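An overview of the molecular structure
Below are the chains, spelled out letter by letter.
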Amino acid sequence: MLFLPADKAHLFSKATASGAGCVVLDLEDGVAETQKPAARDLLRGLQDQIREQEGCEIGIRISSLGTPNGLQDMLRLLELTHLPDWVFLPKCESPRDLEQLDHLLQTHPSKEMTRICALLETPAGLSNAEAIASTHAPLHALAFGYADYTAETGGTMGWNSLVWPRGQLLNTAVQNHLWAIDGVFLDFNDPEGLEDEAQNARDMGYNGKFAIHPSQVSVINTCFEPSDEEVQWALNVLEQQKNFAGQGAFVVDGKMVDAPVILRARRVLGLTDSDAHP
């Protein structure tokens, strides 16, 4: 997912062609206070392109609904002919934040389905992660905003110093059948650092990571897409599962395979419980 400041709408076509699965038009921190009214106006010019990008979904990050900017962002969003594929709610700290957003989205005349991602960016948000994730409002993903989080805690943004909150968010997301998305890597001139962080997030179990520059998209995609070797391993495990059906654990490439390993193989291939082995 690539964040693009909404006041840079002239880059929209390049952003959607970057390879990002979703381009997020940012009305929050990516836009200077003086430019926010103009950024909202630019959304009108893009409304015909929302939901018309083949292979690329469109999202909008509004400002916190507890601020005047957030309410103005929401009013402009509801004026669009089509809702975006995603709405990103920053600094979410309680279920009420999501419920308020969902109530407002339900007033849009199109009644289109929109995925909601709650950004947990504060100690309060992380503390209330389970309540947020289990709210009745339709929620698709949790994301960790560690720049804001460390601004409050006074900690560093290094991987080791943030393992605990990342793990807390991931565990909550998995328990509630939500995606877990890692926050942005701020130095877009450091592809090696980005690769290390994205790979760590993927190894932990995260489903994706935000980008703030088109040059970061290919690095992130490479880290989160299963390698040819992983795909072949997963296919082999599921093929052997057929041969050993009803016999319990079996061995593939000298390693024991049981139910958790089979589940991992299915996840590598993107299969759900209802999907048959290809």
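Identification of the protein chain as CoA ester lyase from Pseudovibrio brasiliensis is taken from an unreviewed UniProt entry. Annotation of the protein chain in UniProt includes, under Sequence similarities (unreviewed entry), the sentence "Belongs to the HpcH/HpaI aldolase family." The record in UniProt for the protein chain states the following under Cofactor (unreviewed entry): "Mg(2+)".

The next thing to look at is unusual backbone geometry. Not every positive phi belongs to a glycine, and Lys-91 is a case in point at roughly 50 degrees. Relative to the helices and strands, Lys-91 resides in the loop between β4 (86-89) and α4 (95-105). Unlike most non-glycine residues, His-177 shows phi in positive territory, near 60 degrees.

Turning next to the environment of Leu-105. Along the chain, Leu-105 falls in helix α4. Judged by its relative accessible area of 8%, Leu-105 is buried. For Leu-105 and Ile-60, which are 45 residues apart along the polypeptide, the C-alpha to C-alpha distance reads 13 Å. If we ignore the near neighbours within four places in the chain, the residues touching Leu-105 are Met-74, Leu-77, Leu-78, Leu-83, Val-87 and Ile-116.

Here we take up the layout of surface pockets. There is about 1400 Å³ of room inside the largest pocket. Along its surface, the largest pocket is lined by 44 residues, and Trp-179, Tyr-206, Asn-207, Gly-208 and Arg-267 are the ones closest to its centre. Breaking the lining of the largest pocket down by element, the ones donating at least two residues are α8 (163-175), β7 (179-182), α9 (191-204), β8 (208-209), α10 (214-224) and α12 (259-268). Its residues assigned to classes, the lining of the largest pocket shows 23 nonpolar, ten polar and eleven charged. Its boundaries defined by the atoms lining it, the second largest pocket holds a volume of some 320 Å³. Together, 19 residues line the second largest pocket, and Asp-29, Arg-61, Val-184, Leu-186 and Ile-212 are the ones closest to its centre. Its residues placed into classes, the lining of the second largest pocket shows eleven nonpolar, three polar and five charged.

With that out of the way, let us pick up the side chain of Glu-28. When you line up the elements, Glu-28 lands in the loop between β2 (22-26) and α2 (36-46). Residues within four places of Glu-28 in sequence aside, it is in contact with Lys-36, Arg-61, Ile-62, Ser-63, Pro-90 and Lys-91.

Taking 1.5 Å of rise per residue, 14 residues should cover 20 Å, and α9 covers 20 Å from first to last C-alpha, within 8% of that figure. When α9 is considered as a whole, its buried residues turn out to be Gly-193, Leu-194, Glu-197, Ala-198, Ala-201 and Arg-202. Buried residues in α9, looked at end-on, bunch into an arc of 165 degrees, giving them a common side. The outward face of α9, more than 90 degrees from its buried face, is lined by the exposed residues Glu-192, Asp-196 and Asp-203. Where α9 is buried, its residues touch α7 (146-153), α8, β7, β8, α10 and α11 (228-243). The positive-phi residue at the C-terminal boundary of α9 is Gly-205, with phi of around 125 degrees.

With that settled, the discussion passes to the pattern of salt bridges. Overall, the coordinates contain 14 salt bridges when judged by the stated rule. Between Glu-28 and Lys-91 there is a salt bridge, with its nearest N and O atoms 2.6 Å apart. On the criterion of sequence distance, the pair formed by Glu-28 in the loop between β2 and α2 and Lys-91 in the loop between β4 and α4 is long-range, its members being 63 residues apart. As a salt-bridge pair, Arg-166 and Asp-182 come within 2.8 Å of each other at their nearest N and O atoms. Taken together, the residues Arg-166 in helix α8 and Asp-182 in strand β7 connect sequence positions 16 residues apart.

What counts and how
- Position labels on residues start from 1 in each chain and follow its written sequence.
- Thresholds applied to this predicted model are a pLDDT of at least 70 for local features of residues and 80 or more for the giving and counting of side-chain atom pairs; totals over whole chains, interfaces and linings are not thresholded and use all residues.
- Only hydrogens and water are set aside; all other atoms, that is, all heavy atoms of the structure, feed into the side-chain values.
- UniProt positions are given in the numbering used here, feature names are shortened, and annotations may be inferred rather than shown by experiment.
- Only DSSP runs of H or I covering at least 4 residues are called helices, and only runs of E covering at least 2 are called strands; the numbering of each starts at the N terminus.
- Accessible area is worked out with a 1.4 Å probe on protein chains only. A residue is then buried under 20% of its type maximum, exposed over 50%, and partly exposed in between.
- Two residues form a contact once any of their heavy atoms are found within 4.5 Å.
- In this analysis the probe radius is 1.4 Å and the grid spacing 1 Å, with only protein atoms considered; a cavity is a set of points the probe fits into but cannot get out of, a pocket is an open set with protein on both sides within 12 Å along at least five of seven lines, and lining residues have an atom within 4 Å of a point.
- Grid points are joined across faces, edges and corners, and a volume is the space filled by probe spheres set on the points.
- Three residue categories are used. Nonpolar comprises Ala, Val, Leu, Ile, Met, Phe, Trp, Tyr, Cys and Pro, charged comprises Asp, Glu, Lys and Arg, and polar comprises the others, including Gly.
- The span you would expect from a helix comes to 1.5 Å times its residue count less one.
- An arc is given here, and it is the one of the directions from the helix axis to the C-beta atoms.
- Any carboxyl oxygen of Asp or Glu within 4 Å of a side-chain nitrogen of Lys or Arg constitutes a salt bridge here.

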